[in-house]
Amino acid sequence: IKRVKDVMFASAAFPIGIFVGVIFWGLWSINRELIFPAKLDGHFPVWLNHLMHTTVLPLQIGELLFSSHKYPSRIVGGGITALLTLGYLVWIHVIYHYGGFWVYPVFRVLTPVTRPAFMALCCSMGFAFYILGEKLNSLINKEEVEVEAKQAPTKKSRKAKKDI
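Throughout this description, residue numbers start from 1 for each chain and increase along the sequence as written. Totals for whole chains, interfaces and linings use all residues, but because this is a predicted model, local features are given only for residues with pLDDT of at least 70 and pairs of side-chain atoms are given and counted only at 80 or more. Side-chain numbers here rest on the full set of heavy atoms in the structure, without hydrogens or water.

## Considerations on the packing of helix H4 (residues 74-99) against helix H6 (residues 114-140)
Now for step 1: Axes here mean lines fitted to C-alpha atoms, for a helix over just the part in contact, with angles spanning 0 to 180 degrees between N-to-C directions. Secondary structure elements follow DSSP: runs of H or I of four or more residues count as helices, runs of E of two or more count as strands, with numbering from the N terminus. Contact geometry of H4 with H6 gives a least axis separation of 10 Å together with a crossing angle of 150°. As summarised for this structure, H4 and H6 are arranged roughly antiparallel, according to the angle between their axes. Regarding H4 and H6, the two cross each other, and that crossing is right-handed. Residues Arg-74, Gly-77, Gly-78, Thr-81, Thr-85, Leu-89 and His-93 of H4 pack against Met-119, Cys-123, Gly-126, Phe-127, Tyr-130, Ile-131, Glu-134 and Lys-135 of H6.
Now for step 2: Taken together, the residues of the contact of H4 with H6 sort by class into six nonpolar, six polar and three charged. Oblique is the label for any angle not under 35 degrees, not over 145, and not in the 65 to 115 range, which are roughly parallel, roughly antiparallel and roughly perpendicular in turn. Should the near helix be turned anticlockwise from the far one by less than a right angle, the crossing is left-handed, and should it be turned clockwise, the crossing is right-handed. Should any heavy atoms of two residues lie within 4.5 Å, those residues are counted as being in contact. Amino acids outside the nonpolar list (Ala, Val, Leu, Ile, Met, Phe, Trp, Tyr, Cys, Pro) and the charged list (Asp, Glu, Lys, Arg) are all regarded as polar, and Gly is one of them.

What follows is the structure, encoded as structure tokens:
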């Protein structure tokens, strides 16, 4: 179970959680109408907005700081992050196709040329947050990683045991 939790944290919770907080508040600071129009304020309480878009930042950083994680290989972890990101982008387009509206107003103001560029930027940010999590995790849990490396049998030691 620990391995599954580690993979889920590394490939989904940390990079996507950090992305949500950064992109939401980044777009809000540019123009809140791009991400969360003021007309929604009456239907969506401020506390719920913060629960969804603010708390993810300190909670993911806290999890990284106070809980040791073993990150998967970049192929596995980055691949899962990429699949989740791609799946979400497809879902946004499915909603647009069948519903006739963009879930996030920022997509409305982008042109057919700038929209894919923005999506590519978002995907790049997701992967960058995966790498950031991996690097921070290795810095924070450096002693633990070093102990695991010392305890892990090498190819030579395994071969020597077989020969005995």
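Next comes the rest of the account.
## Structural notes on the environment of Asn-141
Now for step 1: Secondary-structure assignment places Asn-141 in the loop between H6 and helix H7 (142-151).
Now for step 2: Owing to a relative accessible area of 10%, Asn-141 belongs among the buried residues under this scheme.
Now for step 3: Spatially, the C-alpha atoms of Asn-141 and His-69 are 8.0 Å apart, while their sequence positions differ by 72 residues.
Now for step 4: Whenever two N or O atoms come within 3.5 Å, that pair is a polar contact, provided that in protein one can donate a hydrogen and the other can accept it, and provided that, for residues adjacent in sequence, both atoms are side-chain atoms. Within the structure, the side chain of Asn-141 is placed 2.7 Å from the side chain of Asn-137, a separation counted as a polar contact. Exposure categories follow from relative accessible area, calculated using a 1.4 Å probe and restricted to protein chains: below 20% of the type maximum is buried, above 50% is exposed, and the middle band is partly exposed.

## Notes on the nonpolar core
Now for step 1: Ile-23, Leu-27, Tyr-71, Val-106, Phe-107 and Phe-118 are the most contacted members of the largest nonpolar core, which totals 26 residues.
Now for step 2: Residue assignment for this core shows that the elements contributing at least two residues are helix H1 (2-31), H4, helix H5 (106-109) and H6.
Now for step 3: In terms of residues, this core owes the most to one element, H1, which gives eight residues. For our purposes a nonpolar core is just a set of buried Ala, Val, Leu, Ile, Met, Phe, Trp, Tyr and Cys residues, chained together by side-chain atoms within 4.5 Å.

## Structural notes on the state of the cysteines
Now for step 1: Criterion for a disulfide: a pair of cysteine sulfur atoms within 2.5 Å. Scanning all chains against the criterion turns up zero disulfides.
Now for step 2: Note on Cys-122: no disulfide assigned, nearest cysteine sulfur contributed by Cys-123 at a separation of 7.0 Å.
Now for step 3: Note on Cys-123: relative accessible area 30%, which makes it partly exposed.

## Describing the packing of aromatic side chains
Now for step 1: We call Phe, Tyr and Trp rings a pair once their centres come within 6.5 Å, taking the six-membered ring for Trp, and we label the pair stacked below 30 degrees between planes, edge-to-face above 60, and tilted otherwise. This structure, assessed with the given rule, holds 14 aromatic pairs.
Now for step 2: Judged by centre distance (4.8 Å) and plane angle (85°), the rings of Phe-24 and Trp-25 are edge-to-face.
Now for step 3: You can call Phe-24 buried: its relative accessible area is 3%.
Now for step 4: Note on Phe-127 and Tyr-130: the rings are 6.2 Å apart at their centroids and 20° apart in plane angle, and the pair reads as stacked. In this pair, Phe-127 and Tyr-130 are both assigned in helix H6, three residues apart and thus about one turn of the helix distant.
Now for step 5: Among the aromatic residues, ring-to-ring pairing joins Tyr-88, Tyr-96, Trp-102, Tyr-104, Phe-107 and Phe-118 into one connected group.

## So, the side chain of Gln-60
Now for step 1: One can find Gln-60 in helix H3 (residues 56-66).
Now for step 2: Accessibility expressed as a relative area gives 14% for Gln-60, which makes it buried.
Now for step 3: For Gln-60, the residues in contact, after removing those within four places along its chain, are Phe-9, Ala-13, Phe-14, Gly-17 and Ile-18.

## Topic: the pattern of salt bridges
Now for step 1: Here, a salt bridge means any side-chain nitrogen of Lys or Arg that lies within 4 Å of a carboxyl oxygen of Asp or Glu. The tally for this structure, following the rule as stated, stands at three salt bridges.
Now for step 2: A salt bridge links Arg-32 to Asp-41; the shortest N-O distance between them is 2.7 Å.
Now for step 3: For Asp-41, a relative accessible area of 36% gives the class partly exposed.
Now for step 4: Note that Arg-74 and Glu-134 form a salt bridge whose closest N and O atoms lie 2.6 Å from each other. Note that Arg-74 is positioned in helix H4 and Glu-134 in helix H6, a separation of 60 residues in sequence.

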